Amino acid sequence: MVIKNPQDVTTAALAVMEQTTDPRLREIMVSLVRHLHDFVRDVRLTEDEFRTAAKTINELGQLSTDSHNETVLMAGSLGISSLVCLLNNGDNGNTETSQSLLGPFWRLNSPRVDNGGSIVRSDTPGPALFVRGRVVDRSGAPVAGAEVDVWHASPVGLYENQDPDQADMNLRGKFTTDSDGYFWFRTVMMIGYPIPTNGVVGRLLKAQNRHPYRPAHLHALIVKEGFKVLISQIYDPADPHIEDDVQFGVTRTLLGDFVRHDETHPSKADVVSPWYSLDHVYVMEEGRAMLPMPPIK
C-alpha cells in the first residue's frame, strides 16, 4: 500500500500482523499494533519524544546485567508484573491467590538446606526469624516433596548479589516439604528496602515524586510436579510502606504474621531477644511445573 494519510499506516500495519501464522502470536501482534497506534494518536507523540522513547528502551537492556535486571524492575514499577500475575492465577483473577511477582533477584541454583537449618551464610546482624511454612493444594491437602526455594534481603536492605559484604547465596536456600507439607528454617528478620534508582526506573520515580521503597518480604518459589510453580512473597504488615509498595505487589493473601517475641527462645540458647516467627500456608494450583527464566545469574 502506498501511504496517503496517517490512518493508512495503521491499516497497512494491521494487515501485515494478520498474516502471522501462529494464532496466539497473531492475536497479540494485532492488538499490540492497534493499541500502540492509538496511543501515539492519543498523546500526539512528537518526534523528539519518540527518539527519547527508543533511547530509553535501549537503556533498559544496557542496564541489565548478571546481577541486575532493569527491565523487570520497570515492569514492576509500572504495575505490569502484578497485573499479569493476578490475571493468570486465582481462577483468572476472580479469586485470591498465593501467587506474586517474581521480582528481579531470584537466582536459579540456591543451596539445599535440611529442614530446621539456617540460610545465614555470613555475618548478618539482626533479630533471628524462625519460619514455618506449609504447602497445600486448593482443597487444603498437604503437598509433600515440594521443592521450596526461599530468598530475601538482609537487615540492611540488600540482597547478597548487591552487597560485597555478604557471602555468595547468603539468605537463600532450597528446602523439601515433609509428608505433611511442612518446611522450616532459621534466618534473620528482613526489612523493607529501596529498589535501585540509578537508572531508567529511578528517573521515572523522580519525575512522578514517588518513593522507591518495597515493604519487607520473604520470597518463595515452590515446585512440585502436577502443580503450577508457585511464586510468592509474604509481606510484613507492620512495614511503613505496606500500603504504597513501589512495585504494586502487596495483596491481602500475601500479608504474613511476623510475630515479635521478647521472651527467651524455648530451644535456641544463642537467640537474643527480640526474635521473630512466621507461620504461613502456601496454596498451590494444579498445572504444569515450569520454572521461570531467572532474571539474574
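This one's a predicted model, so the numbers in the text were calculated from it and none came from an experiment.

Draft legend 1. Geometry of the packing of aromatic side chains. Taken as a whole and judged by the stated rule, the model has seven aromatic pairs. Measuring from centroid to centroid gives 5.8 Å for phenylalanine 130 and tryptophan 275, while their planes differ by 90°, and the two rings are edge-to-face. Remark: tryptophan 275 occurs in strand β10 (residues 275-283) and phenylalanine 130 occurs in strand β1 (residues 128-136); sequence separation between them is 145 residues. You can call phenylalanine 130 buried: its relative accessible area is 15%.

Draft legend 2. Molecular detail of the environment of glycine 173. Inspection of the secondary structure puts glycine 173 in strand β3 (residues 172-176). According to the relative accessible area criterion, glycine 173 is buried, its value standing at 0%. Setting aside residues no more than four positions away along its own chain, glycine 173 makes contact with Ser110, Pro111, Val113, Ile119, Val148, Asp149 and Val150.

Draft legend 3. Representation of the sheet that holds strand β2 (residues 147-151). Reading across the sheet, the four strands line up as β3-β2-β7-β8 and stay open at both edges, with antiparallel pairing between neighbours. Only two strands of the sheet have a single neighbouring strand rather than two, namely β3 and β8 (230-235). When strand polarity is set aside, the average angle formed by the axes of neighbouring strands in this sheet is 20°. With five bridges joining them, β2 and β3 adopt antiparallel strand pairing. Residue pairing across strands places valine 148 opposite phenylalanine 175, the latter belonging to β3.

Draft legend 4. Representation of the environment of glycine 79. Its place among the elements puts glycine 79 in the loop between α4 (70-77) and α5 (80-87). Using a relative accessible area of 14% as the deciding quantity, one classes glycine 79 as buried. Along the sequence, glycine 79 and asparagine 89 sit ten residues apart, while their C-alpha atoms lie 16 Å from each other.

Draft legend 5. Fine view of helix α1 (residues 6-17). For α1, with twelve residues, the first-to-last C-alpha span of 17 Å sits near the 16 Å given by 1.5 Å per residue. Asp8, Thr10, Ala13, Leu14 and Met17 are the residues of α1 that are buried. Each element contacted by the buried residues of α1 is listed here: α2 (23-43). Sitting at the head of α1, asparagine 5 places a side-chain oxygen 3.1 Å from the backbone nitrogen of glutamine 7.

Draft legend 6. Summary view of the pattern of salt bridges. In the structure shown here, the tally under the stated rule is 15 salt bridges. Between glutamate 160 and arginine 107 there is a salt bridge whose closest N-O contact spans 2.4 Å. Of this pair, glutamate 160 sits in the loop between β2 and β3 while arginine 107 sits in the loop between α6 (90-93) and β1, and the two are 53 residues apart along the sequence. This pair shows no difference in class: glutamate 160 is buried, exactly as arginine 107 is. Taken together, the salt bridges that share partners define one network made up of Arg107, Glu160, Asp168 and Arg172.

Draft legend 7. Expanded view of the pairing of β8. Summarising burial for β8: six of the six residues are buried, a large majority. The pairing of strand β7 (residues 217-223) with β8 spans six bridges and is antiparallel. Following the sheet pairing, alanine 220 is matched in β8 by serine 232. In textbook terms, the turn of a hairpin is the stretch between consecutive antiparallel strands, and for β7 and β8 this stretch comprises six residues, one of which, glycine 226, has a positive phi near 95°.

Draft legend 8. Inspection of the nonpolar core at higher detail. By size, the foremost hydrophobic cluster in this structure holds 29 residues, and its most contacted members are Ile222 and Tyr282. Looking at this core, the elements with two or more residues in it are β1, β2, β4 (182-188), β7, β8 and β10. The contacts of tyrosine 282, once residues within four sequence positions are left out, are Ser98, Gly133, Arg134, Val135, Val136, Phe183, Leu218, Ala220, Ile222, Leu230, Ser232 and Ile234. Judged by nonpolar contacts, the second largest core, of twelve residues, contains Trp106, Ala153, Tyr159 and Ile231.

Draft legend 9. Region of the structure containing the environment of tyrosine 213. Mapping tyrosine 213 onto the fold places it in strand β6 (residues 213-214). According to the relative accessible area criterion, tyrosine 213 is partly exposed, its value standing at 33%. Sequence-distant contacts of tyrosine 213, defined by excluding residues within four places in its chain, comprise Tyr193, Pro194, His241, Asp244, Asp245 and Val246.

Draft legend 10. Local environment of unusual backbone geometry. Proline 274 follows serine 273 through a cis peptide bond whose omega is 0°. As for its position among the elements, proline 274 is in the loop between β9 (258-261) and β10. Phi is positive for methionine 169, which is not a glycine, with a value near 65°. If you trace the backbone, methionine 169 turns up in the loop between β2 and β3. Take methionine 169: its relative accessible area is 9%, and that puts it in the buried class.

Thresholds, definitions, all that
- Residues numbered from 1 in each chain as written.
- Predicted model: local features only at pLDDT ≥ 70, side-chain atom pairs only at ≥ 80, totals over all residues.
- Heavy atoms only, no water.
- Phe/Tyr/Trp six-rings, centres within 6.5 Å; stacked < 30°, edge-to-face > 60°.
- Helix = DSSP H or I, 4+ residues; strand = E, 2+ residues; numbered from the N terminus.
- Buried < 20%, exposed > 50% of the residue type's maximum accessible area, 1.4 Å probe, protein only.
- Contact = heavy atoms within 4.5 Å.
- Pairing = 2+ DSSP bridges.
- Axes fitted to C-alpha atoms, helices over the stretch in contact; angles between N-to-C directions.
- Expected span 1.5 Å × (residues − 1).
- Polar contact = N/O pair within 3.5 Å; in protein donor to acceptor, adjacent residues only side chain to side chain.
- Salt bridge = Lys/Arg side-chain N within 4 Å of Asp/Glu carboxyl O.
- Core = buried A, V, L, I, M, F, W, Y, C linked by side-chain atoms within 4.5 Å.

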